[in-house]
Structures are given as structure tokens and as C-alpha cells.
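# Structural description and commentary
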Amino acid sequence: MDHRVLKTKQALRVALFQLLDTKTMTTITVTELCRSAHIDRRTFYIHYDNITQIFEDYELELSQQVRQALTGSFHNPTILLHTFDHILMANYVGLRLLCLNATHLVLIDKLKTMLFNTMCAALTPPPTPRQVIIIRHICAGLMDTYVYWFKNPDLLTYEQLNQINHEVLQSHLALL
């Protein structure tokens, strides 16, 4: 993808997450977003039809990162947790803003669903109903622990959170 397109999309994403700190997705206008991103409205409409598509791009990018990282290493808790850690840190600002604002719970749910679908797709053969429940629990649990940590950063260090997640993930993966 052209460097200018990447730069424009990144600016729009950053501006969107900054605005999501105080507003809901449905109350943000294209004009407001473009002003915040220092992007012309015409440029916005070259890339997107609406603001929701920026978040959909974000979901797709996260999904691709997870899918790529899971290839061949799905049952290894260390690699799986390292994947989540890498993705979390690479998207720290946006995820933190989403997690700290209760009005964005639907977006967190969408990320849980994306993570679930990506993990299910990584299994061959397709997961059994039992495995589906375990994977659902893993995805919801990991996202919920990050949400909890963002809301209560003084209760645990990030290293402590990772250690707990590793232990829980190891026990869940053993059930698969």
C-alpha cells in the first residue's frame, strides 16, 4: 500500500481513538474527525464511506496480526500470549481508550468476536463444540483481563498480569 495512504489512514485512526476518549462512535462527525486528523474531508471519502469503516479496518488489521501469529503455534501458551502482548502494545493507545470508556463496550465485544473467529479458523480440523466453548472463554477472558488492567493499573503490574494470563491460558489450552 502507498505510504501516503498508510499515513492518512493512521492519522484518521489516531484521531478516531482520541475522539473516542470523550465521545461515542455514533456522535463523532466526519468533519470533526478530519479536523482532528488534519485531513481534508475529500481525502477521508477517498478511503472511507463512513467513520465505522476506520474501526473495521482496525479490526481487520488486528485479525491479520493474530492469524499470522497463530499459524503453527496455536497450542503454545507462551507464543500465544506473546502474540497478544505484541498486539496489545502495538495498539496500546487505541485499546486503552476503548477499554476505559464504558460506551465502547460494543467495540470491545467486536474485538472479542474477531479474536474468537480468528482462533477458531486457526484450528484444523474445525473446532468441536467443546473446543468452541473453551476458545470463547479464552478470548473473553484475555480481553476482559486487559480491560480490567486498563481500568485498575495500580493493582497489578503488566508483568504480573502477563504471568497470571500465562498460567490461565496454559490451563485452558490443556483442555483443548
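Here the structure is a predicted model, which means the values were calculated and not measured.

### Examining the packing of aromatic side chains
Counted by the stated rule, this structure contains six aromatic pairs. Ring centres 5.8 Å apart and planes at 45° place the aromatic pair F55 and Y58 in the tilted group. Of this pair, F55 and Y58 both sit in helix α4 (residues 52-70), separated by three residues, roughly a single helical turn. Side by side, F55 and Y58 carry an identical accessibility label, which is buried. Its end group placed over the ring of F116, R136 keeps NZ or CZ at 3.8 Å from the ring centre.

### Some words on the packing of helix α7 (residues 105-122) against helix α8 (residues 129-151)
Interhelical geometry of α7 versus α8 gives an angle of 140° and a closest axis separation of 9 Å. Taken together, the axes of α7 and α8 lie oblique to each other. In this structure, α7 crosses over α8, and the sense of that crossing is right-handed. The segment α7 lies against α8, with I108, L111, K112, T113, L115, F116, M119 and C120 engaging V132, I135, R136, I138, C139, A140, M143, D144 and V147.

### Some details on a nonpolar patch on the surface
Together, M89, Y92 and V93 line one region of the surface with nonpolar side chains, adding up to about 260 Å² of accessible area. Tracing the chain through its elements places V93 in helix α6 (residues 92-100). Residue V93 is classed as exposed on the basis of its relative accessible area of 55%.

### A few points about the confidence of the model for the chain
Here the chain averages 85 in pLDDT, and 94% of its residues register 70 or above. In the model of the chain, helix α5 (residues 77-90) stands out as the element of lowest mean pLDDT, 75, in contrast to helix α2 (residues 30-37), which has the highest, 97.

### Thoughts on the pattern of salt bridges
Pairing between side chains becomes possible if they bear opposite charge and their charged atoms approach one another. Throughout the structure, instances matching the rule amount to seven salt bridges. With a shortest N-O distance of 3.9 Å, D109 and K112 are connected by a salt bridge. In this pair, D109 and K112 are both assigned in helix α7, three residues apart and thus about one turn of the helix distant. The salt bridge involving D144 is made with K112; its shortest N-O contact spans 2.7 Å. Remark: K112 occurs in helix α7 and D144 occurs in helix α8; sequence separation between them is 32 residues. We classify D144 as partly exposed; its relative accessible area is 38%. Overall, K112 belongs to the buried group, its relative accessible area being 15%. Each of D109, K112 and D144 takes part in a single network of salt bridges with overlapping partners.

### Quick look at the packing of α6 against α8
The packing of two helices is summarised by the inter-axis angle and the distance between the axes. Where α6 contacts α8, the axes come no closer than 9 Å and their chain directions differ by 85°. If you check the angle between α6 and α8, you find them roughly perpendicular. On α8, the residues that touch Y92, L95, R96, C99 and L100 of α6 are V147, W149, F150 and K151.

### A short note on the state of the cysteines
Scanning the model with the defined rule gives zero disulfides in all. As a non-bridged cysteine, C139 has C120 as the owner of its nearest cysteine sulfur, 7.1 Å distant. Accessibility expressed as a relative area gives 1% for C139, which makes it buried.

### A look at empty space enclosed by the protein
Summed over the entire model, instances satisfying the criterion amount to one cavity of 30 Å³ or more. Taken as a whole, the largest cavity spans an internal volume of roughly 160 Å³. Along the wall of the largest cavity there are 13 residues; nearest its centre are F84, I87, L95, L115 and M143. For the lining of the largest cavity, the secondary-structure elements that each account for two or more residues are α4, α5, α6, α7 and α8. Here the residues of the lining of the largest cavity are counted per class, giving 13 nonpolar, no polar and no charged.

The rules behind these values
- Residues numbered from 1 in each chain as written.
- Predicted model: local features only at pLDDT ≥ 70, side-chain atom pairs only at ≥ 80, totals over all residues.
- Heavy atoms only, no water.
- Phe/Tyr/Trp six-rings, centres within 6.5 Å; stacked < 30°, edge-to-face > 60°.
- Helix = DSSP H or I, 4+ residues; strand = E, 2+ residues; numbered from the N terminus.
- Buried < 20%, exposed > 50% of the residue type's maximum accessible area, 1.4 Å probe, protein only.
- Lys NZ or Arg CZ within 6 Å of the ring centre and 35° of its normal.
- Axes fitted to C-alpha atoms, helices over the stretch in contact; angles between N-to-C directions.
- Parallel < 35°, antiparallel > 145°, perpendicular 65-115°, else oblique.
- Left-handed = near helix turned anticlockwise from the far one by under 90°.
- Contact = heavy atoms within 4.5 Å.
- Patch = residues over 30% accessible without salt bridge, like charges linked within 9 Å, V, L, I, M, F, W, Y side chains within 5 Å.
- Areas by Shrake-Rupley, 256 points an atom, 1.4 Å probe, with all protein chains shown as cover.
- Salt bridge = Lys/Arg side-chain N within 4 Å of Asp/Glu carboxyl O.
- pLDDT = per-residue confidence, 0-100.
- Disulfide = S-S within 2.5 Å.
- 1 Å grid on protein atoms, 1.4 Å probe; cavity = no way out; pocket = protein on both sides within 12 Å on 5 of 7 lines; lining within 4 Å.
- Points joined across faces, edges and corners; volume = space filled by probe spheres on them.
- Nonpolar A, V, L, I, M, F, W, Y, C, P; charged D, E, K, R; others polar.

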